[in-house]
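Residue-level structure breakdown
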Amino acid sequence: MNFLRLGSTEDDQAIADAVARFAEETLAPVAQAMDEEAFSATRHVPGLAALGVMGMNLPESVGGPGVTPTAMLMSLVAISRACAATSSMIGAHYLGTDAVHLGGSAEQQAQWLPRCARGEWLAAFALTEPRGGSHPADMRTRAVLEGDEYVITGVKHFISNAAEATFMVVFAKTDMEAGARGVSAFIVPRDLAGIQMSSPEKLMGIRGGHAFEVSLDGVRVPAANRLGAEGTGFKIAMKVLDNSRLDVAATSLGIAEAALKAAVDWANQRLVGGEPIATKQAIQFKLAEMKLRLEAAWGLTMQALALRQAGQPFTQQSAMAKLYASEMVGFVTDEALQIHGGYGYTREMPLERYVRDARILRIYEGSSEIQRTIIARSVLLDA
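Values in this document were obtained by computation on a predicted structure and should not be read as measured data.

Following the sequence through the fold, S326 ends up in helix α8 (residues 315–340). Classification of S326 as buried rests on a relative accessible area of 0%. A distance of 3.1 Å separates a polar side-chain atom of S326 from the backbone oxygen of L323. Each residue touching S326, except ones within four places of it in the same chain, is listed here: S252, L361, R362 and S368.

Quick look at the structure:
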C-alpha cells in the first residue's frame with residue numbers, strides 16, 4: 001500500500017517499499033511456476049537476505065538489521081502479495097530463530113543466529129506431531145538425558161523448511177507424565193545421525209513452502225543445545241507462536257490485497273452490455289465488503305503490533321489478528337474469484353491460487369478454533 005499505516009513510520013514504509021520492489025520484480029514473475037512445479041521458495045533466500053529480510057525478526061545484537069516489528073510485518077505483507085509460498089518459508093525460518101532468540105542463552109544466540117540473519121543458514125520449528133497438532137502438550141517425542149547428551153526419538157509432521165534447514169528447534173518430552181510442563185526445546189542440527197525426512201508433502205496451496213515429516217530415531221543432541229531449563233519448552237513455543245500469528249496475519253493481508261486488486265482491475269475491464277461490471281451495484285457491494293474486511297484486519301493487526309513493539313503482552317490481540325485476518329482472506333479471495341466468473345476458476349489467472357494459498361492460514365500456527373479458545377480464555381480472565 002502506498003500510504004502510512006496507523007502506527008507505522010516513514011522508515012517502516014521505506015523498508016517495506018524496498019521489499020515490495022524486490023517482490024514485484026523477482027517473486028511475482030515466478031509465483032505461478034512455483035505453484036505448478038512445486039519448487040522450493042528457498043531459491044529466493046539470497047535476494048531476501050540482501051534486503052535483511054531473513055533476520056528482520058532479530059535485533060542487531062544477534063545480527064539482525066534492527067528494524068521494527070511493524071517494518072517486518074509490512075515487508076511480509078509485500079512479499080505475500082507477490083508469493084505466499086515465499087512468505088510461508090520465511091515465517092518458518094522466523095519460528096526457528098525466534099525460539100532461539102526468546103529461549104536461548106547469550107552463547108546459543110551468538111552461535112546460531114547471526115548466520116541465520118544473513119541467510120547463510122535456514123531454520124525450522126518442529127512442534128507438530130501426527131497426533132499432537134492443536135494440543136502439543138500431547139506430544140510423544142521423547143528426550144532422555146544420557147550423560148552430556150539427550151537422546152531424542154519421535155516423529156514430527158508438517159515441518160516447513162525441514163529438509164533445507166541447517167537446524168531445527170525440536171520440542172520433546174523430558175518428562176512424559178508432566179503434560180505441557182514436561183516439554184523441553186532443543187537445537188537439533190539437521191545433519192545429525194538418526195534424522196530421516198519424508199518427501200515434501202503434496203500440498204493444496206503454498207506449494208513452494210515445502211513441509212515434511214521428520215523422524216528422529218535415537219538422535220543424540222548435546223545437552224548444551226537445550227533451550228532454557230527442562231520443562232520450559234512449552235512456554236517458549238507459546239511465546240514464539242504469539243509472534244508467528246502476526247506473520248500469518250501479514251500473509252493473509254498480502255494475499256487479500258492481491259486478490260482485491262485483481263478483482264478491481266477485472267471489474268473495470270470486463271464488459272457486460274457494453275459497460276464495465278464495475279458499474280453494477282452487485283459488484284460494487286462485493287468490492288466494498290472486501291475492502292471493509294481487509295481494513296478491519298489491518299486494524300486488529302496493527303493493534304497487536306503496537307503492543308508487541310511496546311513490550312506489552314499481546315497474546316489475545318495476536319490471536320484476534322490471526323483469526324480475523326485468516327478468515328477475512330478466505331472471504332476476499334472467494335469473492336474475487338466470483339467476480340471473475342469462470343475465468344477466475346482457470347489457471348490462466350491467479351485467483352484459484354490465491355484461494356488455495358489462503359486456505360492453510362485458518363489451520364497452521366493454531367487453527368481458528370484454537371484462536372477462539374485463546375480469546376475466550378482471555379475474556380474470561382478479564383471478567
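Next comes the rest of the description.
Throughout the structure, instances matching the rule amount to 16 salt bridges. Between E120 and R118 there is a salt bridge; the shortest N-O distance is 2.8 Å. With its nearest N and O atoms 3.1 Å apart, the salt bridge here joins E149 to R220. With E149 in strand β3 (residues 149–160) and R220 in strand β7 (residues 211–222), this pair connects stretches of sequence that are 71 residues apart. The exposure class of E149 is partly exposed, given its relative accessible area of 26%. Here the residues in one salt-bridge network are D35, R347, E352 and R356, joined through shared partners.

We now examine the packing of aromatic side chains. According to the stated counting rule, one finds five aromatic pairs in the structure shown. Where W266 meets Y343, the ring centres are 5.4 Å apart and the plane angle is 50 degrees; that geometry is what we call tilted. You can see W266 sitting in helix α6 (residues 233–269) and its partner Y343 sitting in the loop between α8 and α9 (351–359), a full 77 residues away along the chain. Look at Y343 and you get partly exposed, because its relative accessible area is 44%. Joined through ring pairs, the aromatic side chains of W112, W121 and F167 make up one cluster.

When the terminal C-alpha atoms of α6 are compared, their 54 Å separation across 37 residues agrees well with the 54 Å that a helix rising 1.5 Å per residue should span. At D242, α6 shows its strongest bend, of approximately 25 degrees. Counting buried positions along α6 yields 28 of 37 residues, so the element is predominantly enclosed.

Turning our attention to the pairing of β3. Looking at chain direction, strand β2 (residues 142–146) and β3 are connected through five bridges and run antiparallel. Considered in β3, the bridge of E146 is made with E149. Between β2 and β3, which pair antiparallel in sequence order, lie two residues; one of them, G147, sits at a positive phi of approximately 65 degrees. The pairing of β3 with β7 spans nine bridges and is classified as antiparallel. Following the sheet pairing, V151 is matched in β7 by R220.

This brings us to the side chain of S252. Here S252 shows up in helix α6. Each residue touching S252, except ones within four places of it in the same chain, is listed here: A325, S326, M328, V329 and L361.

A few words on the packing of α8 against helix α10 (residues 368–382). Close contact between α8 and α10 brings their axes to 9 Å; oriented N to C, the two are set at 145 degrees. Of the two elements, α8 crosses α10, and the hand of that crossing is left-handed. Touching T315, Q316, A319, M320, K322, L323, S326 and E327 of α8 are S368, Q371, R372, I374, I375, S378, V379 and D382, all from α10. Partitioning the contact of α8 with α10 into residue classes produces six nonpolar, six polar and four charged.

This brings us to the environment of F125. By the secondary structure assignment, F125 is in strand β1 (residues 123–126). On the basis of relative accessible area, F125 is assigned to the buried category, the value being 9%. Discounting chain neighbours no more than four positions away, the residues touching F125 are L95, G96, A99, I159, V169, F171, A237 and V240.

Rules used in this analysis
Residues numbered from 1 in each chain as written. Predicted model: local features only at pLDDT ≥ 70, side-chain atom pairs only at ≥ 80, totals over all residues. Heavy atoms only, no water. Helix = DSSP H or I, 4+ residues; strand = E, 2+ residues; numbered from the N terminus. Buried < 20%, exposed > 50% of the residue type's maximum accessible area, 1.4 Å probe, protein only. Polar contact = N/O pair within 3.5 Å; in protein donor to acceptor, adjacent residues only side chain to side chain. Contact = heavy atoms within 4.5 Å. Salt bridge = Lys/Arg side-chain N within 4 Å of Asp/Glu carboxyl O. Phe/Tyr/Trp six-rings, centres within 6.5 Å; stacked < 30°, edge-to-face > 60°. Expected span 1.5 Å × (residues − 1). Bend = angle between axes of the 7 residues up to and from the residue. Pairing = 2+ DSSP bridges. Axes fitted to C-alpha atoms, helices over the stretch in contact; angles between N-to-C directions. Left-handed = near helix turned anticlockwise from the far one by under 90°. Nonpolar A, V, L, I, M, F, W, Y, C, P; charged D, E, K, R; others polar.

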